[in-house]
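Residue-level structural notes
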Amino acid sequence: MGKIKLREYKEAPTFRKIAMGTWANAKDPSVYGLLEIDMKKTLELLPEYEKKHQIKVSPSHLVGKALSLCMKNRPEINGLIRGSKLYLRDHVSLFYQVSIPGKKGHEIDQANLSGATIEKAEQKEVFQIARELSEKASLVREGKDKEYSKNLNAFKYIPWWFSKYYLNIASWLVYGLNLDLSFLGIPKDPFGSAMITNVGSMGIDIGFAPLCPYTRVPLILLLGSIQEKAVVVDGQVVAREVLPIGVTFDHRFIDGVHASQMAKELKKCFEEPEKFLLK
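A short tour of the structure in this document, coming up. These figures come from a predicted structure and were not determined experimentally.

Thoughts on the overall build of the chain
- Helix and strand counts for the chain come out as eight helices and nine strands.
- Taking all 279 residues of the chain together, the buried fraction comes to 45%.
- Look at the contacts in the chain between residues 6 or more apart in sequence, and 70% of them connect residues 24 or more apart.
- For the chain, the accessible surface area stands at approximately 15,900 Å², while carbon and sulfur atoms represent 56% of it.

This is the structure:
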């Protein structure tokens, strides 16, 4: 038997290095759940809403608004763990994953991953979230985002073995000691209350995201692709467009009761979109 032939991934995207420094083992407090949202009413009202505000609205924007309202109503889960204590936030901040394609000819193998944070999301309407996220995502993809580009560029020069120490130290300084590291390209509370990532736009039906220890985020929502499914409505089987959401939460911070209440409130937002989402 010969040796396994491997070669060093010298031009790996920055996120690969970050990922290597994130998960040392599989021991974590993650709980996973699947939430399915009936999008019928929302999709019916959406074209007029987009026309009115001259902005393209995606499921990510809608779910972000709904989630911010749910967390506003459940302030006990809007926080982070610092040491052995729980700390709560006054407002809901949403961290959206932003994909960055690689250079021409290497769009996939050199693709990277960054993010953009929407602060005080509970105070903003869907079109405001959509507009702000679009502007911030464009800056991130163009490398003009002052908050994250400096930190991502620094990772190019950090050895692979040191990445986990860098991430943990940065997390401890920002969240543990509550220091301002903006001069290093690390914004204040960079990951917010919850994370939202949309893989449905890439044709993936459903998925579940892992918790990232250094982010201190206790809740992650991964949006799959909207598909027509057979559902039971008033005792009748009908075809409805359904959005699957893979939910991951930190069991140290959130339990089944919280998850159940939030699921009901999230669904209610889409059952009455004209009242909660598309006003």
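Quick notes on the packing of aromatic side chains
- A full pass over the atoms with the stated rule returns six aromatic pairs.
- Judged by centre distance (5.2 Å) and plane angle (65°), the rings of F95 and F191 are edge-to-face. One end of the pair, F95, is in strand β4 (residues 94–100); the other, F191, is in the loop between α6 (163–176) and β6 (194–198), with 96 residues separating them in the sequence. Exposure class is identical for F95 and F191. Each is buried.
- With a centroid separation of 5.9 Å and 70° between ring planes, the pair formed by F191 and Y214 is classed as edge-to-face. Separated by 23 residues along the polypeptide, F191 in the loop between α6 and β6 and Y214 in the loop between β6 and β7 (219–223) bring together distant segments of the chain. Residue F191 shares its accessibility class with Y214, and that shared class is buried.
- Three or more aromatic residues link up through ring pairs in this structure, and these residues are F95, F191 and Y214.
- In this arrangement the basic side chain of R82 is found over the ring face of Y87, its NZ or CZ atom lying 4.7 Å from the centre.

Considerations on the state of the cysteines
- Counted under the stated rule, the structure contains zero disulfides.
- With no disulfide of its own, C70 has C269 as its nearest cysteine by sulfur position, at a separation of 4.9 Å.
- Since its relative accessible area comes to 1%, C70 is described here as buried.

Looking at helix α4 (residues 126–141)
- Helix length check: α4, at 16 residues, gives a terminal C-alpha distance of 22 Å against a target of 22 Å (1.5 Å per residue), a fit within 8%.
- Within α4, burial applies to V126, F127, I129, A130, E132, L133, A137 and V140.
- Count one or two residues on from α4 and you reach G143, which has phi positive near 70°.

A look at the nonpolar core
- With 47 residues, the main nonpolar core has L67, L219, I245 and F270 as its most contacted residues.
- Ignoring any residue separated from it by four or fewer positions in sequence, one finds L219 in contact with L67, M71, A194, M195, V247, T248, F249, I254 and M262.

Observations concerning the side chain of T42
- Tracing the chain through its elements places T42 in helix α2 (residues 40–53).
- Residue class for T42 comes out buried when judged on its relative accessible area of 0%.

Some details on unusual backbone geometry
- The backbone of K120 shows a phi angle near 50°, a positive value even though the residue is not glycine.
- Assignment of secondary structure puts K120 in the loop between β5 (112–118) and α4.
- Of note in this structure, R216 is not a glycine but carries a positive phi near 65°.

Remarks on the packing of helix α3 (residues 59–73) against α4
- Remark: α3 packs on α4, axes separated minimally by 9 Å, with the N-to-C direction vectors making an angle of 125°. Taken together, α3 and α4 sit at an angle that is classed as oblique. As α3 runs across α4, the sense of the crossing is right-handed. Contacts from H61, L62 and K65 of α3 reach α4 at V126, I129, A130 and L133.
- Considered class by class, the residues forming the contact of α3 with α4 number five nonpolar, one polar and one charged.

Focus: α2
- In this model α2 runs 21 Å from its N-terminal to its C-terminal C-alpha over 14 residues, within 8% of the 20 Å that 1.5 Å per residue would give.
- The sharpest bend along α2 measures roughly 40° and falls at L46, with the proline P47 sitting one to four residues further on.
- Turning to α2, its buried residues number three or more, namely T42, L46, Y49, E50 and H53.
- Count one or two residues on from α2 and you reach Q54, which has phi positive near 55°.

Cut-off values and rules
Residues numbered from 1 in each chain as written. Predicted model: local features only at pLDDT ≥ 70, side-chain atom pairs only at ≥ 80, totals over all residues. Heavy atoms only, no water. Helix = DSSP H or I, 4+ residues; strand = E, 2+ residues; numbered from the N terminus. Buried < 20%, exposed > 50% of the residue type's maximum accessible area, 1.4 Å probe, protein only. Contact = heavy atoms within 4.5 Å. Areas by Shrake-Rupley, 256 points an atom, 1.4 Å probe, with all protein chains shown as cover. Phe/Tyr/Trp six-rings, centres within 6.5 Å; stacked < 30°, edge-to-face > 60°. Lys NZ or Arg CZ within 6 Å of the ring centre and 35° of its normal. Disulfide = S-S within 2.5 Å. Expected span 1.5 Å × (residues − 1). Core = buried A, V, L, I, M, F, W, Y, C linked by side-chain atoms within 4.5 Å. Axes fitted to C-alpha atoms, helices over the stretch in contact; angles between N-to-C directions. Parallel < 35°, antiparallel > 145°, perpendicular 65-115°, else oblique. Left-handed = near helix turned anticlockwise from the far one by under 90°. Nonpolar A, V, L, I, M, F, W, Y, C, P; charged D, E, K, R; others polar. Bend = angle between axes of the 7 residues up to and from the residue.

These values are about where atoms sit, not about what they do.
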